[in-house]
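# Chain and residue survey
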Amino acid sequence: MDVQTTAALAVVAITACWLAVRAFRGLRRPGCGACACAPAVKRD
Amino acid sequence: MTTATAAPPLTIALIGNPNSGKSTLFNRLTGLRQRVGNYPGVTVERRVGRFALASGRDATIVDLPGVRSLAPRSPDERIAVDVLLGRRADVAAPDVVVVVLNALHLEVSLYLLQQVRELGVPVLACANVADEAERKGIRIDYESLSGAMGVPVLRTVATRGEGFDELMRHLEAPRKRFPPTPLPEPVHSACERLRREWPGNPGDVEIADALIEGPDADGIPASLAARISEESDKIGPDLRDLIVGSRHRRIAAVCALAVKRETREARGSIRLMDRVFTNPVSGTAIFLAVMLLIFWGMFSASAIPMNAIESGIESLKHWTAVRLPQGMFTDLLADGVIAGVGAVVVFLPQIILLFLFLGILEDSGYLSRAVLLLDKPLSLVGLSGRGFVPLLGSMACAVPGVMATRVIPDARERLATILVAPLMTCSARLPVYTVLIGTVIVGSAATQAFVLLGLYMLGLASALAVALVLRRTTLRSRRTDFVVELPPYRWPSLRTTGMQLWQRTKMFLKRAGTVILGISILLWFLTNFPKSPEPAHQLERSVAGRAGKLVEPAIRPLGYDWKIGIGLLTSFFSAREVFVSSMSTIYSVDAGEGDPEASLARRLREERDPGTGGPRWTRPVGLSLMVFYVFAMLCSSTVVTVARESASWRWALVQVGFMSALAYVAAFVTYRVAGGG
């Protein structure tokens, strides 16, 4: 396997792990964090 | 100084109506020294901050949820009563309660102050937004008001810190524990009798509310059901008037003494504007015209910056593909990262424009009037005015919208609102709609704006229709009353609108740089592996391609092929706008003989149907897909939030089920009616 393929697969593997952790954490504590509008909750 | 700092911290509870400026006051006092969490066991936000008093003594301040009354019906109100009475183990009993009054709507705010007075806790009140009230000709005699209410009432303007010196002085002044204001007889005696049998030291407010609501209301000890019925029967039909009516009469008398209003002419013209904006006919016409104008402005004004960003991204992609050494990593950068993230970033100008226009409407006070138009439709479908904020919030994103349903006290009404909130058009749908409109609706910006308005209206109409069905069947309950406060008309503040826009831009870019980047990388991998010996069939034979082929028979009746199937799958497992990044990645990987540097909409238009040789993305396909996105629950964050807020995965799954079914049927009908298949 050449350097480029190894690097690409490493990035994919890290991303997959990161997405899995994020999904797991999201199940425990939702609230998107990514959603463009979380500050829209006006609680005053 | 040493003695002062050694004193135990002063615990302050801050309570007030929504929109009274309570959070502004809290933020101004505490700065960044605050923690936000949840009260254990309930989904009510807990905000605690610290600051130093003038003497150097530490103060801990608890910002209670914004409530309109202390009748403990909603989780927010129950927490507020518990904290005020020192019944929560996680919050120290407050040394002083600061009630934040909205000087613009003093009658409404004084009702809450009156109830806090009935609890007999040490109280201090701030008439906030006093500057705006003065500008509107409302003159408050603070001395008379303090005397009549029996508590110090201070003038404050939290946004500018006015009145804070006096507030600090009062916080440290010796306080007397005011005797509770007794309720009129015979309610007072009934409360006293029930209190002796009621576990956990209830306040008069709770007992009085139980007498009004009857023994079936939430949070009433089962053992007391018969006693409550007995006592309320004994008082007779005047019960509500004795409790609620007497409070209102007292407040009316206090206001007559301490509040003077001026400039009748100015108020007359405001009333006229309110009547025009909230009239079902003229109000609806104005609202539709305003929205159409916004969408038209959004399409027209965003074209140039969007084209510029698109060209920039295409140049970057081209540069990456040409200048970097050939190989998988370069492919990943060009077809995965740049194509995927770039496809969504292109929509930044539109998102900014949409929120700029909505921000101006909100800040000017118009949006509240427009939302008031929903009062009648909402009441017809069994939802109360408390559903306004959640539904309006869902137009930005359903996650905060669903969380905002916490203000709805009735459990069934709240659940119905949660279940329909994701049908409102959120900002994540915008990129999907824009790409599809750009692909299949050929015409002016006005035509495109009209189609977009139709999609927004379809979302609203379906939310109301589903609410009607739910409230007439499984989620039947009495509709709760609600009073809406209309904010004053004012020129939008550049600072507030600018801050809001900055927040949204930051969050939008953060999302593109995290979730969308991650999904694009993963999708690139799934579209490139396993490697096919024939590059022309790479996408088709990849994992993603096979997954798309697997779902193709199910979506074929809607006019969709396996490539759209991949987009729907990635959307389903993440979020709606991922459809756009997925399409971009898929079409980049599968550029074939086409121009790999063409924009997504152009590539979609140029795609040929292998069966017929005609365009693949016909108008029926595009319309069907737009309708599918109106109804389908393609957002994992919302599913999880609904499960948490309804405390049940069952309802979250029911929601996914009915929204998917609606999406499928509506998309099928649209495809057929539009002439597809």
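Procedures and definitions
Residues numbered from 1 in each chain as written. Chains lettered and ligands numbered in written order. Predicted model: local features only at pLDDT ≥ 70, side-chain atom pairs only at ≥ 80, totals over all residues. Helix = DSSP H or I, 4+ residues; strand = E, 2+ residues; numbered from the N terminus. Buried ≥ 20, exposed ≤ 12 C-beta atoms within 10 Å, placed from the backbone. Contact = placed C-beta atoms within 7 Å. Axes fitted to C-alpha atoms, helices over the stretch in contact; angles between N-to-C directions. Parallel < 35°, antiparallel > 145°, perpendicular 65-115°, else oblique. Left-handed = near helix turned anticlockwise from the far one by under 90°. Nonpolar A, V, L, I, M, F, W, Y, C, P; charged D, E, K, R; others polar. Pairing = 2+ DSSP bridges. Core = buried A, V, L, I, M, F, W, Y, C linked by C-beta atoms within 7 Å. Expected span 1.5 Å × (residues − 1). pLDDT = per-residue confidence, 0-100.

For chain B, the helix and strand inventory stands at 31 helices and 9 strands. The burial tally for chain B puts 45% of its 677 residues in the buried class. Counted over contacts in chain B with a minimum sequence separation of 6, partners at least 24 positions apart contribute 72%.

All right, on to the packing of helix 30 (residues 636–645) of chain B against helix 31 (residues 649–673) of chain B then. Residues and elements named next belong to chain B. Relative orientation of the contacting elements helix 30 and helix 31 amounts to 140°, with a least axis distance of 7 Å. Of the possible angle classes, the one that applies to helix 30 and helix 31 is oblique. In terms of crossing hand, the pair formed by helix 30 and helix 31 is right-handed. Two secondary-structure elements touch here, helix 30 through V639, V642 and A643 and helix 31 through W649, W651, A652, Q655 and V656. Looking at the contact of helix 30 with helix 31 residue by residue, the classes come out as 7 nonpolar, 1 polar and no charged.

Residues and elements named next belong to chain B. Cis peptide bonds are those with omega within 30 degrees of zero, and the linkage from F529 to P530 qualifies with -10°. With respect to the helices and strands, P530 occurs in the loop between helix 23 (494–528) and helix 24 (538–541). Look at V129: it is not a glycine, yet its phi comes out positive at around 55°. With respect to the element layout, V129 can be found in the loop between strand 6 (123–128) and helix 5 (130–135). On the neighbour-count criterion, V129 (25 C-beta atoms within 10 Å) is buried. Positive phi values are uncommon outside glycine, yet A647 reaches one of about 55°. Looking at the element boundaries, A647 is found in the loop between helix 30 and helix 31.

Another aspect to go through is the pairing of strand 1 (residues 10–16) of chain B. All names here are of chain B. The buried fraction of strand 1 is high, at 5 of 7 residues. Inspection of the sheet shows strand 1 paired to strand 4 (residues 58–63) by 5 bridges, in the parallel sense. Among the inter-strand pairings, I12 is bridged to a residue of strand 4, identified as I61. Relative to strand 5 (residues 96–102), strand 1 is paired through 5 bridges, and the arrangement is parallel. Residue pairing across strands places A13 opposite V97, the latter belonging to strand 5.

A separate point is the packing of helix 8 (residues 187–197) of chain B against helix 9 (residues 204–213) of chain B. Any two packed helices are characterised by how steeply their axes cross, that is the angle between the axes, and by the distance between the axes. Residues and elements named next belong to chain B. Their axes nearest at 10 Å, the elements helix 8 and helix 9 cross at an angle of 105°. The orientation of helix 8 relative to helix 9 falls into the category roughly perpendicular. Each of V187, A190, C191, L194 and R195 in helix 8 lies in contact with helix 9, whose residues at this interface are D204, I207, A208 and L211. The class makeup of the residues in the contact of helix 8 with helix 9 is 7 nonpolar, no polar and 2 charged.

To continue, consider the nonpolar core. All names here are of chain B. The biggest cluster of nonpolar side chains holds 125 residues, and the ones touching the most others in it are V344, M626, F628 and F631. Among the elements that make up this core, the one with the highest residue count is helix 23 (12 residues). When neighbours within four sequence positions are excluded, V344 is seen to be in contact with P431, A512, I516, E577, V580 and S581.

The subject of this paragraph is the environment of G86(B). Tracing the chain through its elements places G86(B) in the loop between helix 3 (75–84) and strand 5. Separated by 35 residues in the primary sequence, G86(B) and V121(B) have C-alpha atoms spaced 10.0 Å apart.

Our next topic: the environment of E540(B). With respect to the helices and strands, E540(B) occurs in helix 24. Residues E540(B) and D590(B) lie 50 residues apart in sequence; the distance between their C-alpha atoms is 9.0 Å.

A word on helix 4 (residues 106–119) of chain B. Every α-helical turn comprises 3.6 residues, leaving residues that sit three or four positions apart pointing alike. Residue and element names in this part refer to chain B. The first and last C-alpha atoms of helix 4 sit 20 Å apart over 14 residues, in line with the 20 Å expected at 1.5 Å per residue. With 10 of its 14 residues buried, helix 4 lies for the most part within the structure. In the segment just after helix 4, G120 is the residue with positive phi, at about 75°.

Moving on to the pairing of strand 6 of chain B. Residue and element names in this part refer to chain B. Of all 6 residues that make up strand 6, 5 are buried, and the element is covered over most of its length. For strand 5 and strand 6, the ladder comprises 6 bridges, and the chain directions are parallel. By the bridge assignment, N102 is partnered in strand 6 with N128.

Residues and elements named next belong to chain B. In terms of burial, helix 20 (residues 411–420) is a largely internal element, 8 of the 10 residues being buried. Those residues of helix 20 that sit buried are E413, R414, L415, A416, T417, I418, L419 and V420. Elements in contact with the buried residues of helix 20: helix 18 (388–393), helix 19 (398–403), helix 22 (445–472), helix 30 and helix 31.

Now for the confidence of the model for chain B. Any residue range with low pLDDT should be treated as having predicted coordinates unsuitable for detailed reading. Residue and element names in this part refer to chain B. Taken over all residues, the pLDDT of chain B has a mean of 84, while the share at 70 or more is 92%. Within chain B, the element-level pLDDT minimum falls on helix 1 (residues 2–6), averaging 47, and the maximum on helix 29 (residues 619–631), averaging 96. Considering only residues more than four positions removed or in separate chains, one finds that residues 1–5, a stretch of pLDDT under 50, has 6 contacts. Interface confidence for the predicted complex, given as ipTM, is 0.78, next to a pTM of 0.66.

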